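Residue-level structure breakdown
In case you want the letters, here they are:
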Amino acid sequence: MMPNGQWAEAITDEQYANVMVIKKEDTVLIWISLDAIGISEEFSDEVRSRLSKKFSVPIQNINLGYTHSHCAPQLGGAVGRMKSYDAHYLSYVADRIEDVTERCFIQGFSDVEVYVKKADGSDYYSNRNGIDKTGDKEIGILEFRNQKGEVKGLILTMACHSTVVNFIQSRAIHSDLAGYLCRGLEQRYGIYPLFILQAAGDMGNRCFRKGNDYRELIRIGDGLLKQMEHIAVEEKLAVNQIQ
């Protein structure tokens, strides 16, 4: 079930379950990002408990997040009037998360260093109550580089609603702005980044929007990707022995 109690009629983008496993000495962290408008506490607890038992990772070390695209499925529970979901789909997503996590452990760990790049998104999004209102407009890219300088893992993090396209008009499932930016960075790095949504309650592109269709998504998305080429800050995190 999608916004306003309507069912989607098409799928524009593949919906991803993206997993990154980080190890520091004996501590293992599992980070998961889902293309979803939201997830229920019950679904989160079920998945985290399942992974904790299978991979012997403390449940508090497993983080399950989502992109909050308003054109993506709701995974359990309810958001507004979206109170219907497919139990078979929930089971399918949980299985895919477990499969991807297992592939991470099978692939093994690489010694890496973490670099943070920061870009400015203020030309494309702001506080939705007004451009002059307080808001976090900083885009963060975390690169996990091996000794050869190769990027082996990538995180994209920002505080902005992924809500360019109007679902009522498109009637299609897709990953909206978050997915568009991740696919753009995948073309650049060869790695699909883990997306971490920051506190974006009042943050979005409403004040900059010139439409609510796919053409506008391309305009906003390409503009932000270009901003990411002009990195204002790059620094190495003082964290040692990360894999």
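What this report covers is the structure whose coordinates are included nearby. (Residues numbered from 1 in each chain as written. Predicted model: local features only at pLDDT ≥ 70, side-chain atom pairs only at ≥ 80, totals over all residues. Heavy atoms only, no water.)

1. Quick word on the overall build of the protein chain
- A tally of regular secondary structure across the protein chain gives 5 helices and 14 strands.
- Taking 18 Å as the expected radius of gyration for a compact globule of 243 residues, we find that the protein chain reaches 18 Å, a close match to that expectation.
- Seen along its three principal axes, the alpha-carbon backbone of the protein chain occupies a region of about 50 × 45 × 30 Å.
- Looking at the protein chain as a whole, 49% of its 243 residues qualify as buried.
- Contacts in the protein chain between residues at least 24 apart in sequence constitute 74% of all its contacts with a sequence separation of at least 6.
- Accessible area for the protein chain stands at about 12,400 Å²; split by element, carbon and sulfur atoms hold 46% of it.
- Charge-centre separation for the protein chain: the mean point of 28 positive side chains lies 3 Å from the mean point of 33 negative side chains. (Helix = DSSP H or I, 4+ residues; strand = E, 2+ residues; numbered from the N terminus. Rg over C-alpha atoms; globule rule 2.2 N^0.38 Å. Buried < 20%, exposed > 50% of the residue type's maximum accessible area, 1.4 Å probe, protein only. Contact = heavy atoms within 4.5 Å. Areas by Shrake-Rupley, 256 points an atom, 1.4 Å probe, with all protein chains shown as cover. Lys, Arg positive; Asp, Glu negative; His and termini not counted. Charge placed at Lys NZ, Arg CZ, Asp CG, Glu CD.)

2. A short note on a negative patch on the surface
- On the surface, Asp120, Asp123, Asp136 and Glu138 cluster together into a negatively charged patch.
- In this fold, Glu138 is placed in strand β9 (residues 138-145).
- Take Glu138: its relative accessible area is 40%, and that puts it in the partly exposed class. (Patch = residues over 30% accessible without salt bridge, like charges linked within 9 Å, V, L, I, M, F, W, Y side chains within 5 Å. Salt bridge = Lys/Arg side-chain N within 4 Å of Asp/Glu carboxyl O.)

3. Regarding empty space enclosed by the protein
- Scanning all chains against the criterion turns up 1 cavity of 30 Å³ or more.
- Size it by volume and the largest cavity reaches roughly 60 Å³.
- If you trace the largest cavity, you find it lined by Tyr16, Asn18, Ser33, Leu34, Asp35, Thr67, Ala178, Gly179, Cys182, Tyr192, Pro193 and Phe195.
- Only β3 (27-34) and α4 (176-189) provide two or more residues apiece to the lining of the largest cavity.
- Ranked by residue count, the leading element in the lining of the largest cavity is α4, at 3 residues.
- Considered class by class, the residues forming the lining of the largest cavity number 7 nonpolar, 4 polar and 1 charged. (1 Å grid on protein atoms, 1.4 Å probe; cavity = no way out; pocket = protein on both sides within 12 Å on 5 of 7 lines; lining within 4 Å. Points joined across faces, edges and corners; volume = space filled by probe spheres on them. Nonpolar A, V, L, I, M, F, W, Y, C, P; charged D, E, K, R; others polar.)

4. Quick look at the nonpolar core
- With 29 residues, the main nonpolar core has Ile139, Leu156, Met158, Leu177, Leu181, Leu224 and Met228 as its most contacted residues.
- Listed by contribution, the elements that provide at least two residues to this core are β9, β10 (151-158), α4 and α5 (214-229).
- With 6 residues, the top contributor of residues to this core is α4.
- Leaving out residues up to four positions away in the same chain, Leu224 has contacts with Gly121, Tyr124, Tyr125, Ile139, Met158, Leu177 and Leu181. (Core = buried A, V, L, I, M, F, W, Y, C linked by side-chain atoms within 4.5 Å.)

5. Quick notes on the pattern of salt bridges
- Here the structure, examined in full by the defined rule, presents 13 salt bridges.
- Between Glu143 and Arg145 there is a salt bridge; the shortest N-O distance is 2.7 Å.
- Exposure remark for Arg145: the relative accessible area of 15% places this residue in the buried category.
- Between Arg215 and Asp213 there is a salt bridge, with its nearest N and O atoms 3.3 Å apart.
- Here Arg215 falls in the exposed class, since its relative accessible area comes to 67%.
- The class for Asp213 is partly exposed, based on a relative accessible area of 28%.
- Where salt bridges share partners, they join Arg50, Lys54, Asp95, Glu98 and Glu102 into one cluster.

6. Considering the environment of Ser56
- Assignment of secondary structure puts Ser56 in the loop between α1 (41-55) and β5 (62-66).
- On the basis of relative accessible area, Ser56 is assigned to the exposed category, the value being 66%.
- Separated by 115 residues in the primary sequence, Ser56 and Arg171 place their C-alpha atoms 41 Å from one another.

7. Let's talk about the packing of α4 against α5
- Their axes nearest at 10 Å, the elements α4 and α5 cross at an angle of 45 degrees. For the element pair α4 / α5, the angle class is oblique. The handedness of the crossing between α4 and α5 comes out as right-handed. Across the interface between the two elements, Asp176, Leu177, Tyr180, Leu181, Gly184, Leu185 and Arg188 from α4 touch Leu217, Ile218, Ile220, Gly221, Asp222, Leu224, Leu225, Met228 and Glu229 from α5.
- Split into classes, the residues belonging to the contact of α4 with α5 amount to 10 nonpolar, 2 polar and 4 charged. (Axes fitted to C-alpha atoms, helices over the stretch in contact; angles between N-to-C directions. Parallel < 35°, antiparallel > 145°, perpendicular 65-115°, else oblique. Left-handed = near helix turned anticlockwise from the far one by under 90°.)

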